[in-house]
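Per-entry structural report
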Amino acid sequence: MEFAAGALLAALLLAAFPAQAQWIGRQTGCRADEIRNNPNRPTVADPADITQFGVLELEYGWDHGWPAKGQTFTDAGGLVKFGLLCNIELRWTNTDFLRQTSPSGTQAGIGDFWIGPQIVLYHQTKRAPSIAFGYAVKIPTANTAKGLGSGRADHQFTLFVSQDLLGFHYDFNASAFLIGRPGGTGSDHNAQFNLAVGHPLYKTLQLQVEFYGNTRLNPSTPGFASALTALVWSITPRLTVDTGWDFGLSHFAPRRRIFAGFTYSIANLYPASR
């Protein structure tokens with residue numbers, strides 16, 4: 001039911017898009033002179049600043065991890081972002097392929113996807129950071145029989161804070177999750193905190209370091225803390241590639257993960273103002 005509702009919403013938005021694009025493109029004065037991407041990858045934390053007005057942007061990546069002894073996973077998926085308004089971005093996160101291996105066997109298929117907006121409340125100044133709020137709902141498309149998903153809708157509420165200071169860029173996120181209980185009613189809840197720091201190494205090559213973790217969800221899912229380090233290279237203003245790895249810091253954290261991906265600004269979908 002949730003998937004059908006999501007598909008219907010997407011169809012309605014696509015049907016209304018040409019007329020809305022023409023109207024918004026002429027009424028809004030926040031168009032950028034040059035398209036520049038706004039990577040959310042590779043850190044868990046996302047920036048408070050959003051994709052440029054009218055720009056459609058794609059992020060895609062590959063992950064391979066060893067969450068626990070005798071277990072591995074591989075997945076590929078991405079994030080589609082669209083600058084609907086000056087301060088509103090629409091986001092669609094998908095997992096196209098997910099493969100999990102454990103002593104009991106191997107399961108593979110598609111994962112769940114998330115959809116929702118991010119709204120900028122305040123743009124960075126010399127004295128204050130950028131601040132945004134986001135909401136996302138999970139549409140349960142993963143195969144529950146294979147253990148690839150819960151089959152329940154989940155919800156995420158996030159506060160984003162970003163600041164440039166003394167040559168470093170900081171992204172801080174605080175998220176609250178409502179996680180549907182598999183095979184039951186009601187939801188469990190927990191929180192996630194992320195702090196990512198980036199600094200240029202050479203020209204357009206950047207080093208990023210992040211600390212992140214979740215609080216306890218339920219008796220079978222304890223809290224954990226992890227860290228991440230990555231190299232990010234902006235090849236052009238519209239194309240950025242990244243690679244890195246993360247590792248658990250606490251007892252219940254996933255052990256290791258390696259990843260690689262890219263961010264590309266496809267086009268500005270709004271017509272120029274006349």
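That block above? That's the structure.
The structure reproduced in this document is the subject of the present report.

Rules of the game
- Residues numbered from 1 in each chain as written.
- Predicted model: local features only at pLDDT ≥ 70, side-chain atom pairs only at ≥ 80, totals over all residues.
- Heavy atoms only, no water.
- Helix = DSSP H or I, 4+ residues; strand = E, 2+ residues; numbered from the N terminus.
- Polar contact = N/O pair within 3.5 Å; in protein donor to acceptor, adjacent residues only side chain to side chain.
- Contact = heavy atoms within 4.5 Å.
- Pairing = 2+ DSSP bridges.
- Disulfide = S-S within 2.5 Å.
- Core = buried A, V, L, I, M, F, W, Y, C linked by side-chain atoms within 4.5 Å.
- Buried < 20%, exposed > 50% of the residue type's maximum accessible area, 1.4 Å probe, protein only.

Of note, Asp63 is situated in strand β1 (residues 55-66). At a separation of 2.2 Å, a polar atom in the side chain of Asp63 contacts the side chain of Arg257. Among residues more than four places away in sequence, those in contact with Asp63 are Phe73, Thr74, Asp75, Arg257, Ile258 and Phe259.

What follows deals with the pairing of strand β13 (residues 256-268). Within a regular beta strand, the side chains point alternately toward one face of the sheet and then the other, so they alternate between its two faces. In terms of strand pairing, β1 meets β13 through twelve bridges, oriented antiparallel. Following the sheet pairing, His64 is matched in β13 by Ile258. As paired elements, strand β12 (residues 239-248) and β13 share nine bridges and run antiparallel to each other. Counted as the bridge partner of Thr240 is Thr263 from β13.

Turning our attention to the state of the cysteines. Throughout the structure, instances matching the rule amount to one disulfide. Between Cys30 and Cys86 runs a disulfide, and the two sulfur atoms are separated by 1.8 Å. Across the disulfide from Cys30 to Cys86, rotation about the S-S bond amounts to roughly -95 degrees, and the bridge is consequently left-handed. Placement of Cys30 in the loop between α1 (2-27) and β1 and of Cys86 in the loop between β2 (72-85) and β3 (88-102) is noted, with a sequence separation of 56 residues between them.

Listed in full, the five residues of the largest apolar core are Ala48, Ile50, Val120, Ala132 and Phe160. Beyond its immediate stretch of four places on either side in the chain, Ile50 contacts Asn38, Leu85, Cys86, Asn87, Ile88, Glu89, Gln118 and Val120.

Moving on: the side chain of Asn194. Along the polypeptide, Asn194 turns up in strand β9 (residues 187-202). A distance of 3.4 Å separates polar atoms of two side chains, one belonging to Asn194 and the other to Gln192.

It is worth spelling out unusual backbone geometry at this point. The step from Arg41 to Pro42 runs through a cis peptide bond, and the omega angle for that step is -5 degrees. With respect to the helices and strands, the residue Pro42 is situated in the loop between α1 and β1. A positive phi angle is found at Leu166, which is not glycine, with a value near 55 degrees. Secondary-structure assignment places Leu166 in the loop between β7 (155-165) and β8 (168-180). Using a relative accessible area of 78% as the deciding quantity, one classes Leu166 as exposed. Of note, Lys203 is a non-glycine position whose phi angle comes to about 50 degrees, a positive value.

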